[in-house]
Structures are given as C-alpha cells and as structure tokens.
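What follows is each chain in one-letter form.
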Amino acid sequence: MSVLICGGAGYIGSHNVRAFLNHGEDVIVIDNLVTGHKQSLPESVKFYEGDIRDGKILDEIFTQNNIEAVIHFCAFSLVGESVEQPLKYFDNNVGGMISLLESMQRNNVKKIVFSSSAAVYGEPERIPILETDPTNPTNPYGESKRIMEKIMHWVSLQHDIRYVSLRYFNVAGAWHDGTIGEAHNHETHLVPIILQVPLGKREKVTVYGDDYNTPDGTCIRDYVYIEDLAHAHLLALEYLRNGGESQIFNLGSGDGYSVMEMINAARKASGHEIKLEIGKRRAGDPARLVADSSKAREILKWQPKVTSMEEIISTAWRWHKSHPNGYDA
C-alpha cells in the first residue's frame, strides 16, 4: 500500500518524502508547485501536479493507487501575508482540507497525519506550552490551522477517519547530505535569513528588539531539526496503523534559543562574521515560545536526535552554500 504526501515538493514535505522512502514506504506525491519545487523530489517518485482543492484529481489518485494514508503539508504559511490576504489563506488551507477529507471519505481512506502549527496557540498563557493549553490564534494563518484541526475532529467522529495533528514549533536545517533544503521565493525564516549574510545576499541581520525579558534581551524560540520532524511523521503513521485514536502532539526540542544565540551558532557553523543591527520590536512577537513535547515522547516514542543548534545550522549552511539560489541554481 502507498502513502500519499500532499505538498511533498515543499520544504517540509520533500524531507518527509526522503524519510518515508528511506523507511521503505511506497510514496506518491501531489503538489501544485506554487511554493514547492519538483527538483526536490527523487525522479523515482510518482508525482501528480495538481491542487488538493480539485476533488477530481484526488479521486483519480485514490482510484489509480492503493492509498493507505495521507500526510498533509498543503498550506500557505506566511503569517504576514495571511493578515493581508485572509481569504487566500482560508480558501487554500481550509478549502484544501475539506476537499481532501471529502475525497478520503469517498475512497475509504481512513488515516491522515496533518502538519499543524504552534501558531494555533497565539499568545501563550504559560511556557512551556502544552497541547491542552488554550488556542487563540493571532493571525489568519494560525486560525486556518485551528479550523483544519476542528474539521478533522468532527469528520473523524462521523466517518471513522483517524488523524494525528502535529503542531510544529520552528523547523530548521536541511537534509544531512545537502541535497535538499529550504528554498522560498520570499524568505521569512530566521536561519536562512541569517545565512544570507555570509552568502553575500544581505549586508546584515536585523534583530527586532533586544529589550525582552530574556537573558540576552532577544526573543527565544523552540527549534526542531527537519529530519527529526520527518521521523515524527513516520512515528505518527505507525501510531495510526497500530490502532491509535486521533491525537494532537506538539513537536519541539523543549529548549529555547534566543535570536542572538542563533546568530552566534550561525557564525560558528559558517565560519563567517555575521553583522547585525538592532531594530524595533515587531508587534505581536512573544518574548518566549517553547514547546512541551513530552506527550509525543511518551506516546509516539519520538526523541529528537539532533539538538545542537550549531549542528542544525551546519546542515542548512551546507545546503545554502551549494545551492545559493535554491533549486534555481
């Protein structure tokens, strides 16, 4: 039987494709290539170019292939853009989930692992954050992820579709051999932005605020290595295969790293001095966001293997150095 990876040509999706193939899974990918890159996929993978909001192509995939489970990465994910264009995000993210679940229902596919986000929590009431903490998103992107989780919940009760929703914190790094990595047309993630300085793509990094209530005054975030994240999806699928009930899990290291610590780790990983400037705080930036991932460790038996920030950034540097223009290099 096969696993359908929706959005498998994106940053997180493509790393999951590699991890699933290495685990001996038969993988099929659908991606509309709006933000994904077909070059990130091995040539041997069966690929459908299409949008999951198109029920016809989903029915075609489910009819032509013996699909056991779906891994869902299809979502727009830029917080700022979601504020400016909320309808775009609800149409793509929520609409895509509805279309996918409808087709799964029609074709009797009963398992789905969903890429959710820490953005569902909004401003946390406590640190570290538990899955049972309130979800009060502060932007349409986070709201769309919360709605998608709720849709899965209600559908699972009525149609016996079991799901695992994985709420990621900050994902970082690249495949260990540097063959695939992070490539966005408009980069918003901290690690690739920092590495643009030694790549000569920007003069300096702007640190937005150094007066937070943290040890060095800069914001603290929880980072998880991309291959450890992919392994969590394999474990989630095994959990569902073994009859596990629908669940939500946080995925993070449980440790926080400040912006300054990230810059210093990047200096060591790249061997370059990285200039910075201190800017004003950005509205809505919490001082500290750290996950409690004990539930995933206990139930899924998930244990991050790469936790050194210098090591994680070293994998990203290997990718960016050999692909300075991403997949267009």
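These figures come from a predicted structure and were not determined experimentally.

The rules behind these values
Residues numbered from 1 in each chain as written. Predicted model: local features only at pLDDT ≥ 70, side-chain atom pairs only at ≥ 80, totals over all residues. Heavy atoms only, no water. Helix = DSSP H or I, 4+ residues; strand = E, 2+ residues; numbered from the N terminus. Rg over C-alpha atoms; globule rule 2.2 N^0.38 Å. Buried < 20%, exposed > 50% of the residue type's maximum accessible area, 1.4 Å probe, protein only. Contact = heavy atoms within 4.5 Å. Areas by Shrake-Rupley, 256 points an atom, 1.4 Å probe, with all protein chains shown as cover. Lys, Arg positive; Asp, Glu negative; His and termini not counted. Charge placed at Lys NZ, Arg CZ, Asp CG, Glu CD. Expected span 1.5 Å × (residues − 1). 1 Å grid on protein atoms, 1.4 Å probe; cavity = no way out; pocket = protein on both sides within 12 Å on 5 of 7 lines; lining within 4 Å. Points joined across faces, edges and corners; volume = space filled by probe spheres on them. Nonpolar A, V, L, I, M, F, W, Y, C, P; charged D, E, K, R; others polar.

A. Inspection of the overall build of the protein chain at higher detail. In terms of regular secondary structure, the protein chain is built from 10 helices and 13 strands. For 329 residues, the compact-globule estimate of 2.2 N^0.38 gives 20 Å, and the protein chain sits close to it at 19 Å. Going through the 329 residues of the protein chain one by one, you find that 57% of them count as buried. For the protein chain, contacts bridging at least 24 residues in sequence account for 77% of all contacts bridging at least 6. When the accessible surface of the protein chain is totalled, it reaches about 14400 Å², and 46% of it is carbon and sulfur. Charged side chains in the protein chain number 33 positive and 43 negative. The centres of these two groups are separated by 1 Å.

B. Quick look at helix α5 (residues 140–159). For α5, with 20 residues, the first-to-last C-alpha span of 28 Å sits near the 28 Å given by 1.5 Å per residue. For α5, the full list of buried residues reads P140, Y141, G142, S144, K145, R146, M148, E149, I151, M152, V155 and S156. For α5, the secondary structure elements touched by its buried residues are β4 (67–72), α3 (79–84), α4 (86–106), β5 (111–117), β6 (162–168) and β10 (247–251). Downstream of α5 by one or two residues, D160 has phi in the positive range, about 60 degrees.

C. Just the side chain of H320, in detail. Inspection of the secondary structure puts H320 in helix α10 (residues 309–322). Owing to a relative accessible area of 9%, H320 belongs among the buried residues under this scheme. Excluding anything up to four places from it in sequence, H320 contacts E182, P192, L195 and L199.

D. Seen up close, empty space enclosed by the protein. Under the defined criterion, the tally for this structure stands at two cavities of 30 Å³ or more. Quantified by volume, the largest cavity comes out at close to 40 Å³. Along its surface, the largest cavity is lined by A9, G10, Y11, S14, T35, H37, S40, G181, E182, A183, H184 and Y327. Split by residue class, the lining of the largest cavity holds four nonpolar, seven polar and one charged. Lining the second largest cavity, in full, are Y223, V224, Y225, S253, Y257, P304, V306, T307, M309 and I312. When contributions to the lining of the second largest cavity are tallied by element, the ones reaching two or more residues are β9 (220–225) and α10. At three residues, β9 tops the list of elements feeding residues into the lining of the second largest cavity. Residues of the lining of the second largest cavity, tallied by class, amount to eight nonpolar, two polar and no charged.

E. Spotlight on the environment of L41. Summarising the element assignment, L41 is placed in the loop between β2 (26–31) and β3 (46–49). With sequence-adjacent residues up to four places away left out, L41 is seen in contact with G8, A9, V17, V29 and F47.

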